[in-house]
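Structure at a glance
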Amino acid sequence: MISYLYVEDDEDIREGVAAVMEAGHREIVSLPHAEAALALEDCARFDVLITDVSLPGMSGTDLAKHWLRHDAQRHVLLFSGYEMLHGLATIGPNVRSLLKSVEPEELEAALCRIESALSASAP
């Protein structure tokens, strides 16, 4: 089971993307803002963080940096309204981005790449 922490402030987008992500081998916890994610006592149990870049309060980029503080090898997928072509590697080696208007097939392909990388690094 791959566990995802998904943070998106727009409820309609959050519900739609979570529905696209659903699969028998995935556990998805969806939250409306970064502060809710930080409040989770067991956030270390998640394999992947998926977050909108533009969130009220703490940004998704800052959330990703915080999340990676204890393990820079963790996987992050940033959703943005604009292409993030530069700077992702400065956040972490396993940080990727997708446009917020991503097609379901593109999202699924990105999740499969992350899941393959996780499987390859598993003991």
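Attention in this report is confined to the structure presented alongside it. (Residues numbered from 1 in each chain as written. Predicted model: local features only at pLDDT ≥ 70, side-chain atom pairs only at ≥ 80, totals over all residues. Heavy atoms only, no water.)

1. Some remarks on the environment of Gly-60
Mapping Gly-60 onto the fold places it in helix α3 (residues 60–68). Accessibility expressed as a relative area gives 0% for Gly-60, which makes it buried. Once the C-alpha coordinates of Gly-60 and Arg-26 are considered, the two residues, 34 residues apart in sequence, prove to be 22 Å apart. Residues contacting Gly-60, with those up to four places away along its chain left out, are Thr-51, Asp-52, Val-53, Leu-55 and Leu-78. (Helix = DSSP H or I, 4+ residues; strand = E, 2+ residues; numbered from the N terminus. Buried < 20%, exposed > 50% of the residue type's maximum accessible area, 1.4 Å probe, protein only. Contact = heavy atoms within 4.5 Å.)

2. Regarding the nonpolar core
By size, the foremost hydrophobic cluster in this structure holds 20 residues, and its most contacted members are Leu-5, Leu-49, Val-76 and Leu-78. Those elements giving two or more residues to this core turn out to be β1 (2–7), α2 (34–39), α3, β4 (75–80) and α4 (88–91). With four residues, α3 is the largest single contributor of residues to this core. With 16 residues, the next largest nonpolar core counts Tyr-4, Val-48, Leu-77 and Leu-111 among its residues. (Core = buried A, V, L, I, M, F, W, Y, C linked by side-chain atoms within 4.5 Å.)

3. Some remarks on the packing of aromatic side chains
Within this structure, the stated rule accounts for one aromatic pair. Pairing Tyr-6 with Phe-79 gives two aromatic rings, centres 6.2 Å apart and planes at 85°, and the pair type is edge-to-face. With Tyr-6 in strand β1 and Phe-79 in strand β4, this residue pair connects regions lying 73 residues apart in the sequence. An identical accessibility class is assigned to Tyr-6 and Phe-79; each is buried. Over the ring of Phe-46 we find Arg-45, and its NZ or CZ is 4.4 Å from the ring centre. (Phe/Tyr/Trp six-rings, centres within 6.5 Å; stacked < 30°, edge-to-face > 60°. Lys NZ or Arg CZ within 6 Å of the ring centre and 35° of its normal.)

4. Describing a negative patch on the surface
A grouping of Asp-9, Asp-10, Glu-11, Asp-12 and Glu-15 is seen on the molecular surface, where their side chains present a negatively charged patch. Here Asp-12 lies in helix α1 (residues 11–21). Its relative accessible area of 64% is what places Asp-12 among the exposed residues. (Patch = residues over 30% accessible without salt bridge, like charges linked within 9 Å, V, L, I, M, F, W, Y side chains within 5 Å. Areas by Shrake-Rupley, 256 points an atom, 1.4 Å probe, with all protein chains shown as cover. Salt bridge = Lys/Arg side-chain N within 4 Å of Asp/Glu carboxyl O. Lys, Arg positive; Asp, Glu negative; His and termini not counted. Charge placed at Lys NZ, Arg CZ, Asp CG, Glu CD.)

5. Examining the sheet that holds strand β3 (residues 48–52)
Spatial ordering of the open sheet is given by β2-β1-β3-β4-β5, a layout of five strands whose pairing is parallel. Taken across any chain shown, the strands that pair with only one partner, and hence form the sheet edges, are β2 (26–31) and β5 (95–99). Each strand of the sheet is rotated relative to its neighbour by a mean of 20°, with strand direction disregarded. Relative to β2, α1 is tilted by about 175°, and along the sheet it contacts β1, β2, β3 and β4. Packing of α3 onto the sheet brings it into contact with β1, β3, β4 and β5, and relative to β3 it is tilted by some 160°. (Pairing = 2+ DSSP bridges. Axes fitted to C-alpha atoms, helices over the stretch in contact; angles between N-to-C directions.)

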